[in-house]
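Examination of the molecular architecture
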Amino acid sequence: MARQSMHEMTGFLLGRMCKLMRSRVHAMFEDIGLHRGQHFVLHVLWKNEGITHSELAARSSVQPATITNAIKRMEKAGLVERRRDTEDERVSRVYLTEAGRDIRSKVEDTIREFEAQALAGLSEEEVATLRDLLGKVQENLTRCEE
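Criteria and cut-off values
- Numbers given for residues are sequential positions, taken from 1 along each chain in its written order.
- Confidence filtering applies because this is a predicted model: local features only for residues at pLDDT of at least 70, side-chain atom pairs given and counted only at 80 or more, and all residues used for totals across whole chains, interfaces and linings.
- Based on all heavy atoms of the structure, the side-chain values leave hydrogens and waters out of the count.
- Residue types Ala, Val, Leu, Ile, Met, Phe, Trp, Tyr and Cys, when buried and joined through side-chain atoms within 4.5 Å, form a set referred to as a nonpolar core.
- Each residue is placed in one exposure class: buried if its accessible area under a 1.4 Å probe, protein chains only, is under 20% of its type's maximum, exposed if it is over 50%, and partly exposed if it falls in between.
- The helix count covers DSSP runs of H or I at least four residues long, the strand count covers runs of E at least two residues long, and both are numbered beginning at the N terminus.
- In what follows, a contact means two residues having at least one pair of non-hydrogen atoms within 4.5 Å.
- Between the N-to-C directions of two axes lies an angle of 0 to 180 degrees, each axis being a line fitted to C-alpha atoms and, for a helix, fitted only over the stretch in contact.
- With the far helix as reference, a near helix turned anticlockwise by less than a right angle produces a left-handed crossing, and one turned clockwise produces a right-handed crossing.
- The residue classification treats Ala, Val, Leu, Ile, Met, Phe, Trp, Tyr, Cys and Pro as nonpolar and Asp, Glu, Lys and Arg as charged. All others, Gly included, are polar.
- Definition used for salt bridges: Asp or Glu carboxyl oxygen within 4 Å of a side-chain nitrogen of Lys or Arg.
- Here the expected length of a helix is defined as 1.5 Å per residue gap, with one fewer gap than residues.
- Working definition: the arc comes from the directions between the helix axis and the C-beta atoms, pointing outward to the latter.
- Paired strands, as defined in this entry, are two strands with at least two bridges between them according to DSSP.

1. Concerning the nonpolar core
Among the nonpolar cores identified, the biggest contains 23 residues, and L42, L45, L56 and V80 are the most heavily contacted of them. Counting residues per element, the ones that place at least two in this core are α1 (10-31), α2 (38-48), α3 (53-60), α4 (64-76), β3 (92-96) and α6 (104-118). No other element matches the 5 residues that α2 contributes to this core. L45 has contacts with I51, L56, V80, V94 and L96, leaving out every residue within four places of it along the chain.

Now the structure itself:
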């Protein structure tokens, strides 16, 4: 087998693809008024409204300081609100506003549009194979972290 140049290596190609995907999806979310990463926070809250900041950070796979900044920004945008826990006033819980609930269909439509753009020209079988292979790579990398 011939030696691959760095630009032909799978890791390089995946990294470049991820960078392009992040850039495109962030631009699409900005078009509907969301800042980077806010769709992840919304996704968690659509399933677990009323959780604490630390629970939200853990479920979003980000640091607590990052989630605090995201919540502040989302609060200013009218998507979420913080309320003191009724049993422990030291604890603050995050709730969706009506606007936070209403934007769900736009977010889901944007994700579908993004996926269609990214996978254009691939058959259903190729998409299934791609997902399977990427899942295996993810499992391999996860095992390396253990």
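2. Looking at the packing of α2 against α3
It is at 10 Å that the axes of α2 and α3 come closest, and there the two elements cross at 115°. Note on packing geometry: the crossing formed by α2 with α3 is right-handed. Between α2, through F40, V41, V44, L45 and N48, and α3, the contact on the second element is made entirely by L56, R59 and S60. A per-class count over the contact of α2 with α3 returns 5 nonpolar, 2 polar and 1 charged.

3. Looking at the pattern of salt bridges
For the coordinates displayed, the defined rule picks out 10 salt bridges. Of the charged contacts in the structure, one is a salt bridge between R83 and E81, with a shortest N-O distance of 2.7 Å. Residue classification places R83 among the partly exposed residues on the basis of a relative accessible area of 37%. Residue E81 is classed as partly exposed on the basis of its relative accessible area of 31%. A single network of salt bridges, built from pairs that share partners, joins E55, D85 and R93.

4. Quick notes on α6
The end-to-end C-alpha distance of α6 is 21 Å, a good match for the 21 Å that 15 residues give at a rise of 1.5 Å each. Those residues of α6 that fall on the buried side of the exposure criterion are V107, T110 and F114. Down the axis of α6, the smallest arc covering the buried residues is 60°, so these residues share one side.

5. A word on the side chain of S92
Within the element layout of this structure, S92 appears in strand β3. Given the relative accessible area of 18%, S92 is considered buried. What S92 contacts, discounting residues up to four positions off in sequence, is I51, T52, H53, R82, R83 and R84.

6. Observations concerning the sheet that holds strand β1 (residues 51-52)
Pairing is antiparallel across the open sheet formed by 3 strands, whose spatial order is β1-β3-β2. The open sheet has two edge strands, β1 and β2 (80-84), and neither has a second partner. Of the pairings in the sheet, the one linking β1 to β3 comprises 2 bridges and is antiparallel in character. Across the sheet, the residue bridging to I51 is V94, located in β3.

7. Side note on the environment of P64
Relative to the assigned elements, P64 resides in helix α4. Exposure remark for P64: the relative accessible area of 47% places this residue in the partly exposed category. Taking C-alpha positions, P64 is 6.9 Å from H53, a pair spaced 11 residues apart along the chain.

8. Re the environment of V41
When you line up the elements, V41 lands in helix α2. For V41, a relative accessible area of 3% puts it in the buried group. C-alpha of V41 to C-alpha of L56: the two residues are 15 residues apart in sequence and 7.3 Å apart in space.

These results come straight from atomic positions and should not be treated as a statement about function.
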